[in-house]
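# Structural features, examined
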Amino acid sequence: MSFCGRVVLPWVLLHFHSFVGVIEAAPNAPSRRISGKSVRFPRFLSHRRGGGIHASKEDSQMPPEEGGEVSYSLLGLSRAKYPAGWKENPESRVEYRDSPVDRHLIGIFTRQMAETSGTATVEAKGSYDELMRICFDSIRSKSSAEQSMQSLNVMTSMVPPGGDEAFRKLFPNNKVYSYETNAKITQQVFSWLVGPISVERSEENDLGVPMNSLVKIHKCRWLQESGCVGMCCSMCKKPTQAFFGDVFGLPLTIRPNYKDMSCEFHFGLTPPAIAHEDPAYEQPCFSSCKTANQDASKPCHKLPTTVKL
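Residues numbered from 1 in each chain as written. Predicted model: local features only at pLDDT ≥ 70, side-chain atom pairs only at ≥ 80, totals over all residues. Heavy atoms only, no water.

## Points about the packing of aromatic side chains
- Counted by the stated rule, this structure contains eleven aromatic pairs.
- When the centroid spacing of 6.2 Å and the interplanar angle of 75° are considered together, the rings of Tyr72 and Tyr96 count as edge-to-face. Here the residue Tyr72 occupies a position in strand β3 (residues 68-72), and Tyr96 occupies one in strand β5 (residues 95-97), the gap between them amounting to 24 residues. Of the two residues examined, Tyr72 and Tyr96, each falls in the buried class.
- Ring centres 6.0 Å apart and planes at 75° place the aromatic pair Phe109 and Trp192 in the edge-to-face group. Of this pair, Phe109 sits in helix α2 (residues 100-117) while Trp192 sits in helix α7 (residues 191-194), and the two are 83 residues apart along the sequence. One exposure class covers both Phe109 and Trp192, and it is buried. (Phe/Tyr/Trp six-rings, centres within 6.5 Å; stacked < 30°, edge-to-face > 60°. Helix = DSSP H or I, 4+ residues; strand = E, 2+ residues; numbered from the N terminus. Buried < 20%, exposed > 50% of the residue type's maximum accessible area, 1.4 Å probe, protein only.)

Printed below as a string of structure tokens:
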């Protein structure tokens, strides 16, 4: 596939739904000048009076506590079926029906992970199981730092030339709207990988003010399907924090909950500088993990010893 097909197309697909309606954005939405042009935020971000993003219940992908199906992801075309008692039972499994768009995105991500691994080949297009197989190949053959760099390389490969600079201008650090807008965008463009997401209000940020900057993944698909603490931290948490913090200049702290398989993305919150200050890096292996260390008294043997790449 050409460079355009591998890099530009995935970027457009990932961001098209989030920025649809940019031209018809609300008049009071904040704007930034990019390449001499004024760019406003899209109407779907629903800026409330006085600034900030309104997180409406209608936009929430919160699954019913008693179980049931919810629609989610791009255009709401994918479905996730939650069993009864899913919140109390971390071993309960959510069933997913990926839309054609989501299967295509999963396929792109899987191929990119395979290409950067240097060893893996893709056998099933658009298969989440195939994505997990590729990732476990990396877990077995690479160090934690190499796994994180592999994921980070895939993320940065999808940023078009000059995209990082444009992002920093559009979403400067220490601005409430930067954190809230990116939380909302994450809900729209990231759920194909992790499952249904909601945006919630939180004061846990570097500014210490309440804002709708908390992204809540109700039961992470990546964590459910991998069952691997090391994969969660080395191939998702650590590189994603680095991607937003180092590439885009926007602090992000990711907090996986290994008891109920949920996860929180705190936009605007700087992550700990060293591993032992982050509880995620103290988690033992799950007994069901394919590469588990059976000593449950010690942290997972695949966890990184440093937070920074």
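We are not done yet, so read on.
## Observations regarding helix α3 (residues 128-141)
- A rise of 1.5 Å per residue sets the reference length of α3, with its 14 residues, at 20 Å; its end C-alpha atoms lie 20 Å apart and thus fit the reference within 8%.
- Tyr128, Glu130, Leu131, Met132, Ile134, Cys135, Phe136, Ser138 and Ile139 are the residues of α3 that are buried.
- Looking at the buried residues of α3, the elements they touch are α2, α4 (144-157), α7, α8 (221-226) and α9 (229-247).
- The backbone nitrogen of Asp129 lies 3.3 Å from a side-chain oxygen of the residue at the head of α3, namely Ser127. (Expected span 1.5 Å × (residues − 1). Contact = heavy atoms within 4.5 Å. Polar contact = N/O pair within 3.5 Å; in protein donor to acceptor, adjacent residues only side chain to side chain.)

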